[in-house]
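Results of the structural survey
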2 protein chains.
Amino acid sequence: MKRKPSTEATSAWIRLMRVQSRVLDCVEQDLKKAGFPPLAWYDALLELSRAPSGELRPVELERQMLIPQYSTSRLIDRLVDEGLASRRECKIDKRGQFVEITEAGRELQKRMWGAYSAAIEKYVGSKLSDADAVKLSGLLDRLGCSCGEMKLPPVVHSNETTPSR
Amino acid sequence: MKRKPSTEATSAWIRLMRVQSRVLDCVEQDLKKAGFPPLAWYDALLELSRAPSGELRPVELERQMLIPQYSTSRLIDRLVDEGLASRRECKIDKRGQFVEITEAGRELQKRMWGAYSAAIEKYVGSKLSDADAVKLSGLLDRLGCSCGEMKLPPVVHSNETTPSR
DNA sequence: TCAAGATTGATGCAGGTGCATCGAGTGGAG
DNA sequence: CTCCACTCGATGCACCTGCATCAATCTTGA
């Protein structure tokens, strides 16, 4: 029940923690320096923009983004405050609501993708061959689906407006 | 200057973000459920306990842990408040100080390692063969040393009281 | 020797996050 | 229908973080 991890596993753990925090940091810095809001905003805007009519229930967004409920709630507050999204009431379930992306929201999302994709290329793409990127993805996936029970989207496809962290 | 990342790279980026946050979350949860403080405390205590006489300058700690100065300062505050470390003045440089781990600190560090190592095994070790763990480490290392310019410790060695995230 | 600049560590402030809890609304069992 | 359990989303609180800045001290170099 309390087997010790091998030094190899421990080492992988340490690197996973350190490397992602460094890389994330770098990417967030680049975005910030370009005058953009945090990555989480991008993720939310992307999810909304991909949704059928540009709108989602907060609960959906929450599940997509893997963040807690209150976090979603407040993120939406901020998007709405900035005019990037708007809340619409939900007729069929009066507890709920819809969050709809605005034109400004769509536009920001696209502009952010420019800086974001450049950062990904700079800090990840340029460091790894495609084949190695695939290997890395594969190894990471083995760790992913287990502590909780989520499935990651199998692979990313679109060409111009992609990720969602 | 603004080449787009390949979908492979983007996919690796997404997984790196998602998987590490899931796994870290799981580990932190396990520690918390076992009644322990956050991982950052462990990291600090470990660094201190490894230092020559159980004491370090805050600046050293900061560099080891890769966290900002103010963050170190406040982390030390908390450790001191809990009696896990104490501040000693530094004779030779009166701006500075030394932080020394206490017996309680050493003891907590050891007890935490029990739960921590079990979590690493549960969420990482058991998911990956040692060979795969090594591959993963290797791939991650390629991303690591670049955005800033830090070197990660080459590989972890000790057997009973290891990581430092 | 002395002023300018760098380094060390602390802190006020604004904002973000986790936790617990709340009120509104839904839906199912009896 | 009525109640009870549940889901949805918001929010008060405590704490944590990043940023900017501070005072104290050390170092440099003219």
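Scroll up to find the structure this text is about.
Residues numbered from 1 in each chain as written. Chains lettered and ligands numbered in written order. Predicted model: local features only at pLDDT ≥ 70, side-chain atom pairs only at ≥ 80, totals over all residues. Heavy atoms only, no water.

1. Thoughts on the overall build of chain A
For chain A, the helix and strand inventory stands at six helices and three strands. Listing every helix and strand of chain A by position from the N terminus yields α-α-β-α-α-β-β-α-α. The proportion of buried residues among the 165 residues of chain A is 49%. The long-range fraction of contacts in chain A, counting pairs at least 24 apart against all pairs at least 6 apart in sequence, stands at 61%. Of the roughly 8,400 Å² of accessible surface on chain A, 52% is carried by carbon and sulfur atoms. (Helix = DSSP H or I, 4+ residues; strand = E, 2+ residues; numbered from the N terminus. Buried < 20%, exposed > 50% of the residue type's maximum accessible area, 1.4 Å probe, protein only. Contact = heavy atoms within 4.5 Å. Areas by Shrake-Rupley, 256 points an atom, 1.4 Å probe, with all protein chains shown as cover.)

2. Observations concerning the pattern of salt bridges
Considering all chains together, one arrives at 24 salt bridges over all chains under this definition. As a salt-bridge pair, Glu100 of chain B and Arg88 of chain B come within 3.4 Å of each other at their nearest N and O atoms. Pair noted here: Glu100 of chain B is in strand E3 (residues 97-101) and Arg88 of chain B is in strand E2 (residues 85-89), with a separation of twelve residues, a long-range link. For Arg88 of chain B, a relative accessible area of 34% puts it in the partly exposed group. If you follow the salt bridges from partner to partner, you end up with Glu55, Arg88 and Glu100 of chain A in one network. (Salt bridge = Lys/Arg side-chain N within 4 Å of Asp/Glu carboxyl O.)

3. Some details on the sheet that holds E3 of chain B
Note: strands within a sheet are paired through backbone hydrogen bonds, in either parallel or antiparallel orientation. Residues and elements named next belong to chain B. The three strands are arranged E1-E3-E2 in an open sheet whose pairing can be described as antiparallel. The sheet terminates laterally at strand E1 (55-56) and E2, the two strands that pair on one side only. The pairing of E2 with E3 spans five bridges and is antiparallel. Within the sheet, the bridge partner assigned to Arg88 lies in E3 and is Phe98. Those strands touched by helix H2 (residues 39-50) are E1, E2 and E3, and its axis lies near 100° from that of E3. (Pairing = 2+ DSSP bridges. Axes fitted to C-alpha atoms, helices over the stretch in contact; angles between N-to-C directions.)

4. A closer look at the protein's contact with DNA strand C
The environment of DNA strand C is made up of 19 residues, and the closest members are Tyr70 and Arg74 of chain A together with Val59, Ser73 and Arg95 of chain B. At the protein interface, 58% of the atoms of DNA strand C within 4 Å belong to sugar or phosphate. Arg74 of chain B places a side-chain nitrogen or oxygen 3.4 Å from a base oxygen of DNA strand C. In this structure, Arg95 of chain B approaches DNA strand C through a side-chain N or O atom, which is 2.7 Å from a base oxygen. Of all the secondary structure elements, the ones that give two or more residues to the surface near DNA strand C are helix H4 (69-81) of chain A together with helix H3 (58-65) and helix H4 (69-81) of chain B. At four residues, H4 of chain B tops the list of elements feeding residues into the surface near DNA strand C. (Near = heavy atom within 4 Å. Polar contact = N/O pair within 3.5 Å; in protein donor to acceptor, adjacent residues only side chain to side chain.)

5. Quick notes on the environment of Tyr123 of chain A
Residue and element names in this part refer to chain A. Note that Tyr123 resides in helix H5 (residues 103-123). Exposure remark for Tyr123: the relative accessible area of 8% places this residue in the buried category. In this structure the C-alpha to C-alpha distance between Tyr123 and Val27, which are 96 residues apart in sequence, comes to 7.5 Å. A polar contact is formed between the side chain of Tyr123 and the side chain of Asp30, at a distance of 3.1 Å.

6. Brief notes about helix H3 (residues 58-65) of chain A
Of the positions making up H3 of chain A, those classed as buried are Pro58, Leu61 and Met65 of chain A. Projected down its long axis, H3 of chain A carries its buried residues within an arc of 60°, all on one side. Buried-residue contacts for H3 of chain A involve helix H2 (39-50), strand E1 (55-56), H4 and strand E3 (97-101) of chain A together with helix H1 (7-33) of chain B. With its phi angle positive at about 60°, Leu66 of chain A sits one or two positions after the end of H3 of chain A. (Arc of directions from axis to C-beta.)

7. Details of the environment of Glu89 of chain A
Residues and elements named next belong to chain A. Note that Glu89 resides in strand E2 (residues 85-89). Expressed as a C-alpha distance, the spacing of Glu89 and Arg57, which sit 32 residues apart in the sequence, is 9.9 Å. In contact with Glu89, other than residues within four places in its own chain, are Gln97 and Phe98.

8. Here's the deal with the packing of H2 of chain A against H5 of chain A
Residues and elements named next belong to chain A. With their axes 9 Å apart at the nearest point, H2 and H5 run at an angle of 125° to one another. In terms of orientation, H2 and H5 fall into the oblique class. Pair H2 / H5 crosses with left-handed handedness. Packed against H2, whose contacting residues are Leu39, Tyr42, Leu45, Leu46 and Ser49, the element H5 presents Gly105, Arg106, Leu108, Gln109, Met112, Trp113 and Tyr116 at the interface. Within the contact of H2 with H5, the residues separate by chemical class into eight nonpolar, three polar and one charged. (Parallel < 35°, antiparallel > 145°, perpendicular 65-115°, else oblique. Left-handed = near helix turned anticlockwise from the far one by under 90°. Nonpolar A, V, L, I, M, F, W, Y, C, P; charged D, E, K, R; others polar.)

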